[in-house]
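# Overview (structure and organization)
Each chain, written out:
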Amino acid sequence: MTAGNKDSVMALLGARPRLLAVGEPTHGSEVLLTARNELFRDLVEQEEYRTIALESDCLMGLIVDDYVTSGTGTLDEVMARGFSHEWGAYAGNRALVSWMRDHNEARPASGRVRFAGFDGPLEITAAASPRQALTALHTYLAGRVDAALLPCTAETLAGLLGADDGWTNPAAIRDPAQSAGRTPQARELRILADDLVALLDMQAPHLIAASTPDEWERARLHARTAAGLLRYHFAMADPSPGRIARICALRDLMMAGNLRALAERGPTLVYAHNSHLQRDRSSMNMGGQRIEWWSAGALAGDDYAFLATAIGTLRDHGVEAPPSDTVEGMLDRAVVDPRDFAGGKPVPRVSPWYGYAPLDPAGLSRVDGILYVRDA
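What comes next concerns the included structure. (Residues numbered from 1 in each chain as written. Predicted model: local features only at pLDDT ≥ 70, side-chain atom pairs only at ≥ 80, totals over all residues. Heavy atoms only, no water.)

### Focus: empty space enclosed by the protein
- A full pass over the atoms with the stated rule returns three cavities of 30 Å³ or more.
- Looking at the largest cavity, its volume works out to about 200 Å³.
- Forming the walls of the largest cavity are 16 residues, and the residues nearest its centre are Ala116, Glu217, Leu221, Leu262 and Arg265.
- Breaking the lining of the largest cavity down by element, the ones donating at least two residues are α3 (61–70), β3 (114–119), α11 (213–236) and α12 (243–265).
- In the lining of the largest cavity, the residues fall into seven nonpolar, three polar and six charged.
- Of all the secondary-structure elements, those providing two or more residues to the lining of the second largest cavity are α2 (30–45), β2 (51–57) and β4 (268–273).
- In terms of residue class, the lining of the second largest cavity is built from six nonpolar, three polar and three charged. (1 Å grid on protein atoms, 1.4 Å probe; cavity = no way out; pocket = protein on both sides within 12 Å on 5 of 7 lines; lining within 4 Å. Points joined across faces, edges and corners; volume = space filled by probe spheres on them. Helix = DSSP H or I, 4+ residues; strand = E, 2+ residues; numbered from the N terminus. Nonpolar A, V, L, I, M, F, W, Y, C, P; charged D, E, K, R; others polar.)

### With respect to the environment of Val327
- Within the element layout of this structure, Val327 appears in helix α15 (residues 327–330).
- Among all residues touching Val327, those that are not within four sequence positions of it are Phe341, Pro346, Val347, Leu359, Pro361, Leu364 and Ile370. (Contact = heavy atoms within 4.5 Å.)

### Section: the nonpolar core
- Leu20, Phe40, Ile52, Phe83, Val97, Met100 and Phe115 are the most contacted members of the largest nonpolar core, which totals 41 residues.
- If one sorts the elements of this core by residue count, α2 sits on top with seven residues.
- Each residue touching Leu20, except ones within four places of it in the same chain, is listed here: Val9, Met10, Leu13, Leu43, Tyr49, Thr268, Leu269, Val270, Ala305 and Leu307.
- Counting 31 residues, the second largest nonpolar core, distinct from the first, contains Leu157, Leu189, Leu207 and Ala226. (Core = buried A, V, L, I, M, F, W, Y, C linked by side-chain atoms within 4.5 Å. Buried < 20%, exposed > 50% of the residue type's maximum accessible area, 1.4 Å probe, protein only.)

### Observations concerning helix α5 (residues 91–104)
- With 14 residues, α5 ought to run about 20 Å at 1.5 Å a step, and its terminal C-alpha atoms sit 20 Å apart, in line with that.
- Within α5, burial applies to Gly92, Asn93, Leu96, Val97, Trp99, Met100, Arg101, His103 and Asn104.
- Contacts from the buried residues of α5 go to α2, β2, α3, α4 (75–81) and β3.
- Count one or two residues on from α5 and you reach Ala106, which has phi positive near 70°. (Expected span 1.5 Å × (residues − 1).)

### Considering the sheet that holds strand β8 (residues 335–336)
- In spatial order, the strands read β3-β2-β4-β1-β7-β9-β8; together these seven strands make up an open sheet with mixed pairing. Each of the sheet's edge strands pairs with one partner strand only, and the pair in question is β3 and β8.
- Note: strand β7 (residues 304–311) against strand β9 (residues 369–373), five bridges, orientation parallel. Counterpart to Ala308 in the pairing with β9 is Ile370.
- The strands that α3 touches are β2 and β3; relative to β3, the one it contacts most, it runs at about 175°. (Pairing = 2+ DSSP bridges. Axes fitted to C-alpha atoms, helices over the stretch in contact; angles between N-to-C directions.)

### Comments concerning the pattern of salt bridges
- Considering all chains together, one arrives at 22 salt bridges under this definition.
- For Arg333, the salt bridge is made with Asp340, and the minimal N-O distance between the two is 2.3 Å.
- Assessed through its relative accessible area of 39%, Arg333 is described here as partly exposed.
- Residues joined in a network through salt bridges with shared partners are Asp65, Asp66, Arg114, Asp214 and Arg218. (Salt bridge = Lys/Arg side-chain N within 4 Å of Asp/Glu carboxyl O.)

### Topic: the pairing of strand β6 (residues 289–294)
- Pairing of strand β5 (residues 281–286) with β6 involves six bridges; the strand directions are antiparallel. Directly across from Ser283, in β6, lies its bridge partner Glu292.
- Turn length for the β5-β6 hairpin, with the two strands adjacent in sequence and antiparallel, is two residues, and the turn residue Gly287 shows positive phi of about 60°.

Right under this line is the structure:
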């Protein structure tokens, strides 16, 4: 796929969606990241989109956004501290951030491109402490509303939060008894977080007038993240059989909340795994049990379009030429209307390894378009 296919994408969709979601079938392929970067550059140059959102920590993403909009920090620092899941190590992500900074140089704020992470502060084996989000929310409110309206002091929050090690213990993902999510302190923090979020909403007219747009947007982000993290930790401490499904669902719920907020800012290109962006339920098998939950794409709202990426060959990941009777094997151009398969009956492509998820022919009716990418 090349940048010139932007026109093909827009012609296929017929209208510019507020959220244009492009899924990838595997993580870590520089071929896919290069194709994503080309599409985003083309969309920006045509003045269609101003924000790109990646499947990365939403709070870490603020570091990247500060760099690309105002030059805060250095590129090396931003790549080391601005991404979760080790995404900062990928050359394609570094090239994206570098291009965004160069593009914004000497441009007014109205013409700058923005970066966002839309994942929660979560990793496969751990979740972050709610400290950063809770304290940032409290600090924002304490500086703008009467102290008598606050449900607690900063010192009370700090005492209830305790040491971060208790929240980030990697053993908690397998053993709910190791989680801090249902301690008396955590339960009290959930109540206080709810009170702080309610105060933010109740004082919205005053706070919007007393803040810059970025300050208000970040306060709302911290509010969503604080509440979401405390729900996630509560679920991690759940010993019931539905624990893993609930954890997965809460992660995608946090993603969807961040996407809806970004849509309010303006047209946004979203990039993540196909399984997070599809309109259908996501699923995985764990310990012989099938786990299902609603994906972020299913919860993102109405002004949303989903383009699933299919790959032909991807030799550095062990993906060779697809069989001719699969979806991938039938593709012959970069942008494809899924309705083209209405008369055909492709079969699923077999995955060569766990990290690659081929397109499911049964799900093509819920896809707005297919981007076809292959290496040279």
